[in-house]
Amino acid sequence: MSLELCILASGSSGNCSILRTPAGVVLIDAGIGPRTCAKRMNGTGVELDDVRAICLTHLDSDHFRPTWLGTLLNRGIRIHCHRSRVADVLDTLDHDAAEELVVPFHREFEPIDGLRARAIALAHDRLGSHGFIFEGFRCRIGYATDLGRVPAELIELFAELDLLAMESNYDREMQLSSGRPWFLKNRIMNGSGHLSNEQAFDAVRKILDRAQRRRRRLPHHIVLLHRSRECNCPRLLRKLFEQDERIAARLTLAEPFHRSPWLRLQPAAPPLVGEQLALAWD
């Protein structure tokens, strides 16, 4: 077994993904409560007891809920959050014992044995968010949601992945014509809120182009996260993204209320050394 990803929930009603490794299970965000999480896990082969750590992109309520407190304490699940948000996590949990479970990260960390993570700062609202590259067991996953805008660093670091998961939140025309108040539209569209479909499509194509220029592998799966229920729809997403044949064959749309299938990865072949390298040229 290598790395496998299952999106339990993705959207403004809650975000939570399972990353299963040979060394155990990590959650990316915990924006649905533990009871809902346990129900969504039914049939996956994973239970709450298997979770060893949670990696938080940021602390909006659709990404982290304080109802996890009892589960965290009872099971000793560690919470990895950026060092600038540790005090906020502890305030949210409001329990002295929680301090032992919160593990700050700055740039690189190891949420579970054999799995390395690299955090990428994202411009989401006033306090920002973080995307992640998870690497281990000969696989590499890029995960980014609530971006605001796409930093050049992300394009660079996501250019060689086995799985690419990126936010594609809203359709611009649907957003502009919606009944939402202008301040909310502006917050979402001003470069520090969410990515439009067109922005996400452009970013994904740049990532694939860069990988091909470097003769690197393309991801087995491309997952679109955090779709707006009011200002987006699956039909529009598929129509746009499937214009690129490289994306069409790999596309998964994450849903808010039911989980994705397991997205399984084929480990990259190990580098050839010694006699293997010589034989490869025979």
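Notes on the structure follow. (Residues numbered from 1 in each chain as written. Predicted model: local features only at pLDDT ≥ 70, side-chain atom pairs only at ≥ 80, totals over all residues. Heavy atoms only, no water.)

1. A short note on the nonpolar core
The condition that has to hold: Residues enter a nonpolar core if they are buried and are Ala, Val, Leu, Ile, Met, Phe, Trp, Tyr or Cys, with the set joined through side-chain atoms within 4.5 Å. Summary of the burial criterion: residues with accessible area below 20% of their type's maximum are buried, those above 50% are exposed, and those between are partly exposed, where the area comes from a 1.4 Å probe applied to protein chains only. Elements are defined by DSSP. Helices are runs of H or I of four residues or more, strands are runs of E of two residues or more, and each kind is numbered from the N terminus. Contacts between residues were defined by any pair of non-hydrogen atoms, one from each residue, lying within 4.5 Å.
Among the nonpolar cores identified, the biggest contains 31 residues, and Ile18, Leu27, Cys37, Met41 and Val89 are the most heavily contacted of them. Those elements that provide at least two residues to this core are strand S1 (4-9), strand S2 (16-21), strand S3 (24-28), helix H1 (34-41), strand S4 (51-55), helix H2 (69-75), strand S5 (78-82) and helix H3 (86-93). Filtering out sequence-adjacent residues up to four positions away, Leu27 remains in contact with Cys16, Ser17, Ile18, Cys37, Met41, Val51, Ala53, Ile54, Cys55 and Trp68. Of all hydrophobic cores here, the second largest spans 29 residues; its members include Ile120, Ile155, Ala200 and Leu251.

2. Considering the sheet that holds strand S13 (residues 251-253)
The criterion, for reference: We treat two strands as partners when DSSP finds at least two bridges between them. The axes are straight lines fitted to the C-alpha atoms, using for helices just the contacting stretch, and the angles between their N-to-C directions are given from 0 to 180°.
Strand order in the open sheet formed by 7 strands is S7-S8-S9-S10-S11-S12-S13, and the pairing between neighbours is mixed. Each edge of the open sheet carries a strand with a single partner, namely strand S7 (108-112) and S13. Geometrically, the sheet is characterised by an average inter-axis angle of 20 degrees between neighbouring strands, direction not taken into account. With 5 bridges joining them, strand S11 (residues 163-167) and strand S12 (residues 221-225) adopt parallel strand pairing. Note that in S12 the partner of Glu167 across the bridge is Leu225.

3. Remarks on the pattern of salt bridges
Opposite charge on two side chains allows them to pair when their charged atoms are near. Rules: What makes a salt bridge here is a side-chain nitrogen of Lys or Arg within 4 Å of a carboxyl oxygen of Asp or Glu, nothing more.
Taken as a whole and judged by the stated rule, the model has 19 salt bridges. Across the pair Arg140 and Glu135 runs a salt bridge whose closest N-O atoms are separated by 3.5 Å. Residue classification places Arg140 among the buried positions, given a relative accessible area of 15%. When its relative accessible area of 31% is taken as the criterion, Glu135 is described as partly exposed. Asp202 is the salt-bridge partner of Lys206, the closest N and O atoms lying 3.3 Å from each other. Here Asp202 and Lys206 lie together in helix H7 (residues 197-213), a separation of 4 residues that amounts to about one turn. Shared partners join several salt bridges into a network, and the residues in it are Glu160, Asp162, Arg216 and Arg217.

4. Regarding helix H8 (residues 234-241)
As a reminder of what qualifies: By definition, the arc is the one covered by directions from the helix axis to the C-beta atoms.
Of the residues making up H8, those classed as buried are Leu237, Leu240 and Phe241. Along the long axis of H8, the arc covered by the buried residues comes to 85 degrees, so they all point the same way. Counted as exposed and oriented over 90 degrees from the buried face of H8: Arg235 and Lys239. Turning to H8, the residues buried within the fold contact H7, S12, helix H9 (245-248) and S13.

5. Re the sheet that holds S2
With mixed pairing, the 7 strands of this open sheet are ordered in space as S6-S5-S4-S3-S2-S1-S14. The open sheet has two edge strands with one neighbour each: strand S6 (102-105) and strand S14 (263-264). Bridging between S5 and S6 involves 4 bridges; their strand directions are parallel. Each bridged residue has a counterpart across the sheet, and for Cys81 the counterpart in S6 is Pro104. Each of S1, S2, S3 and S4 is contacted by H1, which is oriented at about 125 degrees to S1, the strand it contacts most. In this fold H3 packs onto S5 and S6, with an angle of close to 135 degrees to the strand it touches most, S5.

6. What about unusual backbone geometry?
Residue Asp125 is not a glycine yet carries a positive backbone phi of 55 degrees. Position of Asp125 among the secondary structure elements: in the loop between strand S8 (115-122) and strand S9 (129-136). You can call Asp125 partly exposed: its relative accessible area is 28%. Backbone geometry at Arg215 places phi at a positive 60 degrees, although glycine is not the residue there. With relative accessibility at 79%, the residue Arg215 sits in the exposed group.

7. Topic: helix H6 (residues 182-189)
All buried positions along H6 are accounted for by Lys185, Ile188 and Met189. Seen end-on, H6 carries its buried residues on one side only, within an arc spanning 85 degrees. Against the buried residues of H6 lie helix H5 (172-177). The first or second residue beyond H6 is Gly191, which carries a positive phi of 95 degrees.

By themselves, these are just geometric observations and shouldn't be taken as functional.
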